[in-house]
There are 2 protein chains.
Amino acid sequence: MSDTDTATHPSKNVVEDGSIDRLAIDTIRTLSMDAVQKANSGHPGTAMSLAPIAETLWTQFLRYDPKKPLWPNRDRFILSCGHASMLLYSLLHLSGTIEVDEHGQPTGKPAVGLDDIKQFRQSGSKTPGHPEYRDTTGVETTTGPLGAGCGNSVGFAIAERWLAAHFNKPGFDIFDHDTYVFSSDGDMMEGVASEAASIAGHLKLSNLCWVYDSNDITIEGDTNLAFDENVIERFKAYGWNTILIEDAEDTAAFAQAIETFKATTDKPTFIEVRSIIGIGFPTRAGTHKAHSDAPGEDEIRGAKKSYGWPEDEQFLVPEKAKAHFEQAIGRNTATREAWEKLVGDYRDQYPDLGKELDLMLAGTLPEGWDAALPHFEPDAKGMASREAGGKVLNAIAPAIPWLVGGAADLAPSTKTDIKDGGSFEAGSYGGRNLHFGIREHGMGAAANGMALSYLRSYTGTFFVFSDYMRPTLRLAAIMQVPTIFVFTHDSIGVGEDGPTHQPIEQLASLRAVPGLDTIRPGDANETAYAWKAALDSQKTPSVLVFSRQPMPTLDRTKYNSAEGLLKGGYVVTKDEGTPDIILIATGTELGLAVAAAEKLAEGGTKARVVSLPSFHRFEVQDQAYKDSVLPPSVTARVAIEQGSEFGWDRYVGFAGKTVTMSTFGASAPIEKLQAKFGFTLDNVVKVAREVMGK
Amino acid sequence: MSDTDTATHPSKNVVEDGSIDRLAIDTIRTLSMDAVQKANSGHPGTAMSLAPIAETLWTQFLRYDPKKPLWPNRDRFILSCGHASMLLYSLLHLSGTIEVDEHGQPTGKPAVGLDDIKQFRQSGSKTPGHPEYRDTTGVETTTGPLGAGCGNSVGFAIAERWLAAHFNKPGFDIFDHDTYVFSSDGDMMEGVASEAASIAGHLKLSNLCWVYDSNDITIEGDTNLAFDENVIERFKAYGWNTILIEDAEDTAAFAQAIETFKATTDKPTFIEVRSIIGIGFPTRAGTHKAHSDAPGEDEIRGAKKSYGWPEDEQFLVPEKAKAHFEQAIGRNTATREAWEKLVGDYRDQYPDLGKELDLMLAGTLPEGWDAALPHFEPDAKGMASREAGGKVLNAIAPAIPWLVGGAADLAPSTKTDIKDGGSFEAGSYGGRNLHFGIREHGMGAAANGMALSYLRSYTGTFFVFSDYMRPTLRLAAIMQVPTIFVFTHDSIGVGEDGPTHQPIEQLASLRAVPGLDTIRPGDANETAYAWKAALDSQKTPSVLVFSRQPMPTLDRTKYNSAEGLLKGGYVVTKDEGTPDIILIATGTELGLAVAAAEKLAEGGTKARVVSLPSFHRFEVQDQAYKDSVLPPSVTARVAIEQGSEFGWDRYVGFAGKTVTMSTFGASAPIEKLQAKFGFTLDNVVKVAREVMGK
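Residues numbered from 1 in each chain as written. Chains lettered and ligands numbered in written order. Predicted model: local features only at pLDDT ≥ 70, side-chain atom pairs only at ≥ 80, totals over all residues. Heavy atoms only, no water.

Peer 1: Looking at this structure, I do not really get the overall build of chain A. What am I missing?
Peer 2: Helix and strand counts for chain A stand at 25 helices and 22 strands. Structurally, chain A occupies a C-alpha span of about 95 × 55 × 50 Å along its principal axes. In chain A, buried positions account for 68% of the 694 residues. Sequence-distant contacts, at least 24 apart, represent 76% of the contacts inside chain A between residues at least 6 apart. For chain A, the computed accessible surface area is about 21500 Å², with 48% contributed by carbon and sulfur atoms. (Helix = DSSP H or I, 4+ residues; strand = E, 2+ residues; numbered from the N terminus. Buried < 20%, exposed > 50% of the residue type's maximum accessible area, 1.4 Å probe, protein only. Contact = heavy atoms within 4.5 Å. Areas by Shrake-Rupley, 256 points an atom, 1.4 Å probe, with all protein chains shown as cover.)

Right, here's the structure in full:
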């Protein structure tokens, strides 16, 4: 091959052969293809096609200091098309990003060394297949599931606006950073990104810039197989500033677009960049074969030749390229140092806010914050846990100013508003109550982004709609960020709205997620401890499951303290010795279990009541504690929960039974449903007697 | 009050006071408010505001015969804003729709009588809180979870295009119906509706019309709290024909818009109708208080007064109004009768297609279809179940022409293409392979709509992305429609793509869904039976979980038949008497269990291997069968599955153990992951010995 045609060769309109930028761009490209080839798996094409604009953004615009990669006021760079992870790893390598631990302390290693790149996609490496938060310094959020990064980014942008509104003072722009997203056709097709874009447009988040890699290629072939909408027009409809770049090689046009973004103060910016996937590959460029899998030696040699690169070299990083990149991005060191000085002065001038800032940045809570947790008096009529949850939230909100959240158009029902917190809106970015609209998935993704930006974020919707936002719960658990997901209307207790609105399998299905703490408190005081558990968590996302309908507030002089919730499960009844039977319950069924135990006592049966609000917490207790709550010798056990029976066998065993749901619910007043599905005192007592063989 | 102001009073530009249409409209409105008031719960406002256009659509346009409500070529009316269910119940009542059983046979009752309306939201009524498919004749699909109806509607429209392309012949337009959707602000915000709209625009589904009730009100207050995008412009960007109606009272403009829809042949139509929620209520009209809850006597009396309605009457249905409505919609009876005659002639002229049509409409499969199921020869190296699944699908596809499906841009990986089936595209609507794009939620919703329109529909994507489309799996189960959801790449076997792409909790979380048959076959022959199980299901949706990586094809002369899959679980080893230990496995771990049993046999241990591909099927077997597979006396049990341990206690009990996952996976080649997480012969044998105390 002597020449490559224009379809496969980078156009030359801006980055000319021989320029130092071109050298850096081609370094990214060749590292990406070499790494994929060595791993024999991965996605080279997009990393190659986006290299010019990525290099431009990082060397000219991104406010990021590789020497202090966790600097709080850095710009964020999110690779929503996470499959192109080699692009990000190449950038982290070229920028000379140092590795730091989660407190920002250097480990003495590079974030991504050349050896790490050679270990791409290998066990235990810092270069996994998709970018994983916590695995690699410089990865702002875990991406890969398409749309996720776009969704997160709105949370990053919300957080910056809130932090600026809350902390900035005249002369002290502590927060004024931007968030950039690189995204792909897949991101544009996913509904979560549509929801996120609509929220961002509504909130006029002018600190947010999405770059859309429009390459006409997906896995099944050309995008026109399934996607021919006008994306630019769609974003205009969302209220975004939109820019089309005809050629990803045209870095001058891209730089101009970023300037436009930075000059725009009343809306987010969307930049569609038309690119050729796998640019430079002799036969695969511009085809779906460039998307994934090792390209093969011929393609790689051909591409390198087209770049004027030594064809025999692998993992070549020209010193000049690295020096250029490091020097260009090194401009931010002074900016960062100035910021640190500014914060020092800020601490002097605003000591209270300075202290708050330090606590927040450290991921800790104000000492004694939990003194504000309310105590609820015994009350046979009781209250709904959503009601108690709202009271708890409002009691603790003053103590944790950076507790910020909102609901998916259900705040009056979920009781998740912080009263007097104000609405977070364009023009009032200091508000603590977000109105996410009827966009659960976008809400969860944004909340994760907020949690990644220091805020203690929470969401609110009906429990059944956890299904709509499930991918975000999973990502919170994978990333180990302590987002708090409040879900109310947690069972057939929803009543008349019927089966589509009555959660059944949701408890079981969330309990199955590793690293997710699903808590369903059994009275108002357990609800207070549920909020405490969630807020004390630094690496575990929590799901707080609250009822629509009231439940008794137990008399804790008569029963053991609700603090037992923190261990996941505890003995509620103050029983001595070995019980005849154990009744295990959660949420609204705790009161029923207590009543059943009393009834059984009348017949001379010693029934222990165990509250088990969190399987997750209980499972990590030591065996001795677990055995003290559920003595192995007592196999007569009944679990009571208005949810799926699935998963309860762990605690009731072969000899036990459950009073749970095995079908969907129905539309009827709650009392009718409880009778229909067996959640009555008589039925629980009956089942308990069956288990005891009486 | 003598006069109501213009904000709360219906404008008079078309439907004049005293007109018969106005009488019907006000009947719908007053029935809706009376029913909500009596039930003391529900959503009156939207039913009231949409009454004029609903009445216009039904009396002037909808091709629907209340005497034969399941007539296959009827237009479909979908109330995506299902909370406004009283609108639909009122329409079914006024139209005189008769109740039929699922075969279309009359039961002798009205679909919705006045007594049913008085039982709104009560236990066992035909008028549940949200419209439930199968509960009420005339409800085309279950709606309530927002966006769901919009998503379904695309499937209805796809089905009509496919049925027309497949069955119609010159002079025989057997299928030529339209699908109408009434939707709300919430539908417009949900990502699933965005995905669905993009698909519909791409496919140029000109038989699809969405009416969007734009009333500026949601539960938290004005929609401008969270929603101010330009919806019309967004739909233009999707490639839709768009029309804005300034006033929902302007029925002439709405009729004109429907005429435009019917004349449009190259794109779907989107009609935004601006309305006043709860129109007529003296104080609640146009506010979020009109959205839900009983309005109270004062509001109701005020509204009735504003309509010129007898204020003291409740559930009043003027005879004139009902007669008018029945007569107007009665025009379709002749159309339907002509269609039946046409089909009769069609059967004569095209007997093969006629027979196919009858089978399909009856929800049955051609006799002997399963003779085409392939048998796979024993093979120690074996094949991936996705590979086997693709072979099975292609083997049976010729036998079931109306088996139609597609993937979310992963067909080359999921192997769900029907070779030679052609693509379903604008201009080739007879194709059997849909390209849904990277829109899993929209795909699932469309597949349910297709299943509700006679097609045997299936979807394809990676198993981890089942999370994106979970609400549609749940709705399939609630509706009892046999949609087939194929998911591949079912475990850490995904390898290098890492934790975001490796399903862990997905198996458990789907097993917890009532009425959903989740099947993970353990070799190629089990895969064939998995497809058989799914296709033989008439009321149960199936989830087929296939591996990326190969597994051995067992020698069924040595082991029991894979047909055991149909019972959910069966003994694989041809063992006699009581085993020392039972190894239970699914999917790729079945081969591992078999190998472990052989290894244990070398040490003199009699190990039974049980394959348990479907908990759902196994649980409904009689106790004797279950005990024969898992003898209660044998408590030494080990379950092996590359998924969450959650839910396995049911089968292993307190005395057993599992080799399962309790964390997320990692990015590495598959062999490394299997070693890391214990899915090795040595580890399984070790755990088995631990369980036996050896």
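Having seen the structure, we can now continue with the description.
Peer 1: Can you walk me through the sheet that holds strand 16 (residues 542–545) of chain A in this structure?
Peer 2: Pairing between sheet strands relies on hydrogen bonds along the backbone, with the strands arranged either parallel or antiparallel. All names here are of chain A. Within the open sheet, the six strands sit side by side as 12-11-13-14-16-15. Their pairing is parallel. With one partner strand each, in any of the chains shown, strand 12 (433–435) and strand 15 (517–519) form the two edges of the open sheet. Direction aside, the axes of adjacent strands within the sheet are offset by 20° on average. Against the sheet, helix 16 (residues 440–451) contacts strand 11 (403–407), strand 12, strand 13 (456–462) and strand 14 (484–488), and its axis sits at roughly 165° relative to strand 13. (Pairing = 2+ DSSP bridges. Axes fitted to C-alpha atoms, helices over the stretch in contact; angles between N-to-C directions.)

Peer 1: Hey, could you run me through the interface of chain B and chain A in this one?
Peer 2: For an interface, size is often stated in terms of accessible area lost upon the parts coming together. Contacts between the two partners involve 96 residues from chain B, matched on the other side by 96 residues from chain A. Between chain B and chain A, a total of about 8100 Å² is buried, with carbon and sulfur atoms accounting for 58% of that surface. It is Glu220(B), Arg474(B) and Phe646(B) in chain B that bury the most area against chain A; as a group they hold 10% of the surface buried on that side. Connecting chain B to chain A are 10 salt bridges. With a closest N to O distance of 2.8 Å, Arg474(A) and Glu505(B) form a salt bridge. Along the contact surface separating chain B from chain A lie 42 residue pairs in polar contact (both at pLDDT 80 or more). Here the side of chain B that touches chain A gets six residues from one element, more than from any other, and that element is helix 17 (residues 470–479) of chain B. Counted by class, the side of chain B that touches chain A contains 40 nonpolar, 31 polar and 25 charged residues. (Buried area = accessible area lost by both parts, 1.4 Å probe. Salt bridge = Lys/Arg side-chain N within 4 Å of Asp/Glu carboxyl O. Polar contact = N/O pair within 3.5 Å; in protein donor to acceptor, adjacent residues only side chain to side chain. Nonpolar A, V, L, I, M, F, W, Y, C, P; charged D, E, K, R; others polar.)

Peer 1: Sorry, what's going on with the relation of the copies chain B and chain A here?
Peer 2: Comparison of the two chain copies shows a relationship of rotation about an axis with a shift along it. When chain B is fitted onto chain A, the two copies agree to an RMSD of 0.0 Å after a turn of 180° and an axial shift of 0.0 Å. In the structure described here, the two chain copies are related by an operation that fits a two-fold rotation axis. Of the residues that chain B buries at the interface, 99% are likewise interface residues in chain A, meaning the two copies contact each other through the same surface. (Least-squares fit on C-alpha atoms with pLDDT ≥ 70 in both.)

Peer 1: Would you explain the domain arrangement of chain A in this entry?
Peer 2: Taken domain by domain, chain A comprises domain 1 (20–335), domain 2 (369–551) and domain 3 (566–691). Between the C-alpha centres of domain 1 of chain A and domain 3 of chain A there is a distance of 51 Å. (Domains from an automatic or database assignment.)

Peer 1: Would you mind going over the state of the cysteines with me for this structure?
Peer 2: By definition, a disulfide links the sulfur atoms of two cysteine residues through a covalent bond. Under the counting rule described, the total for this entry stands at zero disulfides over all chains. The structure places no disulfide on Cys81(A), whose sulfur is separated from the nearest cysteine sulfur, that of Cys150(A), by 8.4 Å. Take Cys209(B): it sits in no disulfide, and the sulfur closest to it among the cysteines is that of Cys150(B), at 11 Å. (Disulfide = S-S within 2.5 Å.)

Peer 1: How do you make sense of the nonpolar core when you look at a structure like this?
Peer 2: Generally speaking, nonpolar side chains in soluble globular proteins are found buried as a group. One finds Trp210(A), Trp531(A), Leu583(A), Trp210(B), Trp531(B) and Leu583(B) to be the most contacted residues of the largest nonpolar core, which totals 311 residues. Residues within four places of Trp531(A) in sequence aside, it is in contact with Trp369(A), Gly389(A), Val392(A), Leu393(A), Ile396(A), Tyr458(A), Ile484(A), Val486(A), Leu544(A) and Phe546(A). (Core = buried A, V, L, I, M, F, W, Y, C linked by side-chain atoms within 4.5 Å.)

Peer 1: Mind showing me how you'd approach empty space enclosed by the protein here?
Peer 2: Regions of empty space are outlined by a rolling probe, equal in size to a water molecule, passed over the atoms. The tally for this structure, following the rule as stated, stands at 12 cavities of 30 Å³ or more. Roughly 100 Å³ of internal volume is contained in the largest cavity. Glu190(A), Gly191(A), Val192(A), Glu195(A), His441(A), Tyr468(A), Glu190(B), Gly191(B), Val192(B), Glu195(B), His441(B) and Tyr468(B) together form the lining of the largest cavity. Each residue belonging to the lining of the largest cavity can be placed in one class, and the counts come to four nonpolar, four polar and four charged. There is about 80 Å³ of room inside the second largest cavity. Lining the second largest cavity, in full, are Pro145(A), Pro471(A), Arg474(A), Leu475(A), Ile478(A), Val464(B), Phe465(B), Asp467(B), Tyr468(B) and Thr500(B). (1 Å grid on protein atoms, 1.4 Å probe; cavity = no way out; pocket = protein on both sides within 12 Å on 5 of 7 lines; lining within 4 Å. Points joined across faces, edges and corners; volume = space filled by probe spheres on them.)

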